[in-house]
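Residue strings, one per chain:
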Amino acid sequence: LGDEQNQLGAPRVCSIADALEVVGERWSLLVLRELSFGVHRFNGIQVNTGAPRETLALRLRKLEEAGVVERRRYSDRPPRDEYVLTAAGRDLAPVLTALREWGERHVSRGGVG
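Quick caveat, the model's predicted, so the values are computed rather than measured.

S.K.: Is there a simple way to think about unusual backbone geometry in this case?
M.R.: With the exception of glycine, most residues fall at negative phi, and the peptide bonds are largely trans. In this chain, R77 is followed by P78 through a cis amide linkage whose omega measures -10 degrees. Residue placement: P78 occurs in the loop between β1 (69-76) and β2 (79-85).

Shown next as structure tokens:
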């Protein structure tokens, strides 16, 4: 690292911080968990995460805008969409696995997530 990276007084430029802007929030991570488990519809994601509807809609929109999730129409009448991971979203699988394993070792007392 260069000297400017080690100076005090300015935030460190960091791709971890950049990634956390996209996925570093509880509901976003739980959405990614559900999509990786094969749950693609809003109601299923909501039930399995416990996220409030408005919060879930906002998180899905943010993940879609970031290119992590893609919305696909599965019904025209009535209009209904489902959500799938993009390549960028699928690339998060090892991160979710590592977070789950860390939680199992250091936090949880069992559970599926």
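And the narrative resumes.
S.K.: In this structure, what is going on with the environment of D18? I would like to understand it.
M.R.: Within the secondary structure layout, D18 lies in helix α2 (residues 15-23). On the basis of relative accessibility, which here comes to 51%, the residue D18 falls in the exposed class. In this structure the C-alpha to C-alpha distance between D18 and Q46, which are 28 residues apart in sequence, comes to 26 Å.

S.K.: Looking at this model, I keep getting lost on the nonpolar core. Mind explaining?
M.R.: The nonpolar side chains of a soluble globular protein tend to be buried, and buried together. Counting 19 residues, the largest nonpolar core has V31, L32, L35, L56, L63 and V69 as the members making the most contacts within it. Of all the secondary-structure elements, those providing two or more residues to this core are α3 (26-36), α4 (42-49), α5 (53-65) and β2. Element by element, the count of residues in this core is highest for α3, at 5 residues. Ignoring any residue separated from it by four or fewer positions in sequence, one finds L32 in contact with V23, L63, V68, V69, L85, L92 and L96.

S.K.: How should I be thinking about the packing of aromatic side chains in this particular structure?
M.R.: Think of a pair of aromatic rings as described by two things: how far the centres are apart, and how the planes are tilted against each other in angle. In total, this model carries 0 aromatic pairs according to the counting rule given. When the ring centre of W27 is taken as origin, the NZ or CZ atom of R26, which lies over that ring, is 5.2 Å away. Between the NZ or CZ atom of R41 and the centre of the ring of Y74, over which it lies, the distance is 3.6 Å.

S.K.: How do you make sense of the side chain of S75 when you look at a structure like this?
M.R.: Relative to the assigned elements, S75 resides in strand β1. Of the polar contacts made by the side chain of S75, one reaches the backbone oxygen of R77; its length is 3.4 Å.

S.K.: Would you mind showing me how to read the packing of α3 against α5 here?
M.R.: Describing two packed helices takes the angle between their axes plus the distance from one axis to the other. The N-to-C vectors of α3 and α5 enclose an angle of 75 degrees; their axes lie 10 Å apart at closest approach. As far as their axial angle goes, α5 and α3 are roughly perpendicular. On α5, the residues that touch W27, S28, V31 and L32 of α3 are T55, L56, R59, L60 and L63. Residues that form the contact of α3 with α5 fall into these classes: 6 nonpolar, 2 polar and 1 charged.

S.K.: Teacher, can you tell me more about α4 here?
M.R.: Structural remark: α-helix, 3.6 residues per turn; residues separated by three or four positions point the same way. Every buried residue of α4 is listed here: F42, I45, Q46 and T49. End-on view of α4: buried residues confined to an arc of 100 degrees, all on one side of the axis. At its buried positions, α4 is contacted by α3, α5 and β2. Directly beyond the C-terminal end of α4, a positive phi value near 80 degrees is found at G50.

Calculation rules
- Residues numbered from 1 in each chain as written.
- Predicted model: local features only at pLDDT ≥ 70, side-chain atom pairs only at ≥ 80, totals over all residues.
- Heavy atoms only, no water.
- Helix = DSSP H or I, 4+ residues; strand = E, 2+ residues; numbered from the N terminus.
- Buried < 20%, exposed > 50% of the residue type's maximum accessible area, 1.4 Å probe, protein only.
- Core = buried A, V, L, I, M, F, W, Y, C linked by side-chain atoms within 4.5 Å.
- Contact = heavy atoms within 4.5 Å.
- Phe/Tyr/Trp six-rings, centres within 6.5 Å; stacked < 30°, edge-to-face > 60°.
- Lys NZ or Arg CZ within 6 Å of the ring centre and 35° of its normal.
- Polar contact = N/O pair within 3.5 Å; in protein donor to acceptor, adjacent residues only side chain to side chain.
- Axes fitted to C-alpha atoms, helices over the stretch in contact; angles between N-to-C directions.
- Parallel < 35°, antiparallel > 145°, perpendicular 65-115°, else oblique.
- Nonpolar A, V, L, I, M, F, W, Y, C, P; charged D, E, K, R; others polar.
- Arc of directions from axis to C-beta.

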